[in-house]
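# Structure assessment
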Amino acid sequence: MTLEELKAAVTQMGQPAYRAGQVFHWLQAVGVTSFEEMTDLSKPFRAALQERFYIANAQVAQRLISQIDGTRKYVFQMHDGEYVESVLMAYHHGLSNCISTQVGCKMGCTFCATGRSGFSRNLTAGEMVAQVQAAQRDGGSRISNIVLMGMGEPLDNYENVLRFLDLISHPKGMQIGMRHISLSTCGLVDRIYDLAERGYGLTLSVSLHAPNDQIRRKTMPIAQRYSMEALLKACNLYAQRTGRRVSYEYAMIRGVNDSEACARELAEKLQGTLCHVNLIPVNPVAGAGYQKSDQRARQRFLSILEHHGIAATVRRTLGSDINASCGQLRRRKQEEVSHV
Ligand code: SAH
Ligand code: SF4
């Protein structure tokens, strides 16, 4: 609930409106998981809250810690038993938390473990906040950056994601500003325009993974709905409006999208735009039949982009010893449960 909604609820319960500020502080800034912990509220009021409301929680069902760089991967269990994944990464500029926005995903990208396991439900804004707070509690220090790049398509759960952004950046909450938040999308063009309109100023990451519609449609069903031309137009507008570079994700799949011709075509389309390309060796997922491009192909691709003046990097891999790309841990967890 927003502070305004809490105010309305609290007044309806016969309490002064300022109590809402106290509740909001406990929920958003402290991150309590029970009403019991709200010690500056009277016991009867805490009990009344308990009767009417629940606090979204993310229980650690599994935690993997990288021996190499300390990256933590979590499987969280939600109140209805569903599992979602989060990752906590340490960068020089602080702790970055990658969270999920849906249980599963409807978009069906063929290389993605989440996409391959179907869609269950949207996460609420509270469940997104709960992931950040649970990771912060477990990690023991302040999370400074958030990426909406876990399970799910954030722009397919638009209202809840906007609500989450308002909560997490709230001056009386965790105060994580838009400059420290990235949102990754497979490219829901209409929503990108909406987001640009609102002027949130967060970093937009777009999963491109191909230099043209023909190749893109082989792996990403969303490419049937929106052409790459329409997508890039929306991204360029977003960059102009916010003054921020759009980050294009490009998972390199051997023999599918990693040729020199692909690099040249991509470079030509992006030339002169405010962008950055992230090259990622595709993470092979069971059943997909895709393989990583080799290092030579990655270097060649990178130098063609650079030659055209496009900022590009091969993404550094964190937590390679606990490598289970997003969606795989959840699937394993579900199998475990169904075998019991
Ligand atoms: N739905 C959003 C955000 C979640 S996916 C989106 O698609 O952008 C987060 C990122 O992981 C996306 O860039 C996605 O394309 C990428 N991804 C999914 N499966 C992958 C795999 N097997 N290897 C490499 N990247 C993958
Ligand atoms: Fe969904 Fe993103 Fe996976 Fe595609 S890559 S299926 S949009 S989570």
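Helices and strands together make up the secondary structure of the chain, namely 13 helices and 12 strands. In terms of C-alpha radius of gyration, the chain reaches 21 Å, essentially the compact-globule figure of 20 Å for 340 residues. Expressed as lengths along the three principal axes of its C-alpha atoms, the size of the chain is roughly 70 × 50 × 35 Å. Burial status across the chain gives 54% buried among its 340 residues.

Read from one edge of the open sheet, 10 strands run β1-β2-β3-β4-β7-β8-β9-β10-β11-β12, paired in mixed fashion. Edge positions in the sheet fall to β1 (59-65) and β12 (312-314), since each of these pairs with one other strand and no more. Taken over all neighbouring pairs, the strand axes of this sheet differ in orientation by 20° on average, direction set aside. Where strand β9 (residues 203-207) and strand β10 (residues 246-252) come together, three bridges link them in parallel fashion. Bridge pairing in β10 places Ser207 opposite Glu249. The strands touched by helix α10 (residues 228-242) are β9 and β10; relative to β10, the strand with the most contacts, the crossing angle is about 140°.

In the vicinity of ligand 2, the contacting residues are Cys105, Met107, Gly108, Cys109, Cys112, Gly115, Gly152, Glu153 and Cys186. Among the residues forming the shell around ligand 2, the class breakdown is five nonpolar, three polar and one charged.

Quick look at the side chain of Ser144 now. Turning to its location among the elements, Ser144 is positioned in strand β7 (residues 143-148). Overall, Ser144 belongs to the buried group, its relative accessible area being 16%. Here the side chain of Ser144 touches Asn145 through a polar contact of 3.0 Å, side chain to side chain. If sequence neighbours within four positions are ignored, Ser144 has contacts with His93, Gly94, Leu95, Ile176 and His180.

Moving on to the domain arrangement of the chain. Taken domain by domain, the chain comprises domain 1 (1-55) and domain 2 (56-338). If you average the C-alpha positions of domain 1 and of domain 2, the two centres end up 34 Å apart. With both sides pooled, the region where domain 1 packs onto domain 2 buries about 1,100 Å², and carbon together with sulfur makes up 52% of that total. Interface area lost by domain 1 to domain 2 is led by Phe24, Gln28 and Tyr54, which between them contribute 41%. Our enumeration of links across domain 1 and domain 2 arrives at one salt bridge. Here Glu5 and Arg163 are joined by a salt bridge, their closest N and O atoms 2.7 Å apart. Inspection of the domain 1/domain 2 interface yields five residue pairs in polar contact (both at pLDDT 80 or more). Listing elements by their share of the side of domain 1 that touches domain 2, those giving two or more residues are α1 (3-12) and α2 (18-30). The element best represented in the side of domain 1 that touches domain 2 is α2, accounting for five residues.

Before going further, it helps to spend a moment on the packing of aromatic side chains. Per the counting criterion, the structure on display carries two aromatic pairs. On the basis of an interplanar angle of 10° and a centroid distance of 5.2 Å, the ring pair of Tyr74 and Phe76 is categorised as stacked. Relative accessible area serves as the criterion here: at 0%, Tyr74 is assigned to the buried category. When the centroid spacing of 4.9 Å and the interplanar angle of 45° are considered together, the rings of Tyr250 and Phe301 count as tilted. Pair noted here: Tyr250 is in strand β10 and Phe301 is in helix α12 (residues 295-307), with a separation of 51 residues, a long-range link. Per residue, the accessibility class of Tyr250 equals that of Phe301, and both read buried. When the ring centre of Phe119 is taken as origin, the NZ or CZ atom of Lys106, which lies over that ring, is 4.8 Å away.

Calculation notes
Residues numbered from 1 in each chain as written. Chains lettered and ligands numbered in written order. Predicted model: local features only at pLDDT ≥ 70, side-chain atom pairs only at ≥ 80, totals over all residues. Heavy atoms only, no water. Helix = DSSP H or I, 4+ residues; strand = E, 2+ residues; numbered from the N terminus. Rg over C-alpha atoms; globule rule 2.2 N^0.38 Å. Buried < 20%, exposed > 50% of the residue type's maximum accessible area, 1.4 Å probe, protein only. Pairing = 2+ DSSP bridges. Axes fitted to C-alpha atoms, helices over the stretch in contact; angles between N-to-C directions. Contact = heavy atoms within 4.5 Å. Near = heavy atom within 4 Å. Nonpolar A, V, L, I, M, F, W, Y, C, P; charged D, E, K, R; others polar. Polar contact = N/O pair within 3.5 Å; in protein donor to acceptor, adjacent residues only side chain to side chain. Domains from an automatic or database assignment. Buried area = accessible area lost by both parts, 1.4 Å probe. Salt bridge = Lys/Arg side-chain N within 4 Å of Asp/Glu carboxyl O. Phe/Tyr/Trp six-rings, centres within 6.5 Å; stacked < 30°, edge-to-face > 60°. Lys NZ or Arg CZ within 6 Å of the ring centre and 35° of its normal.

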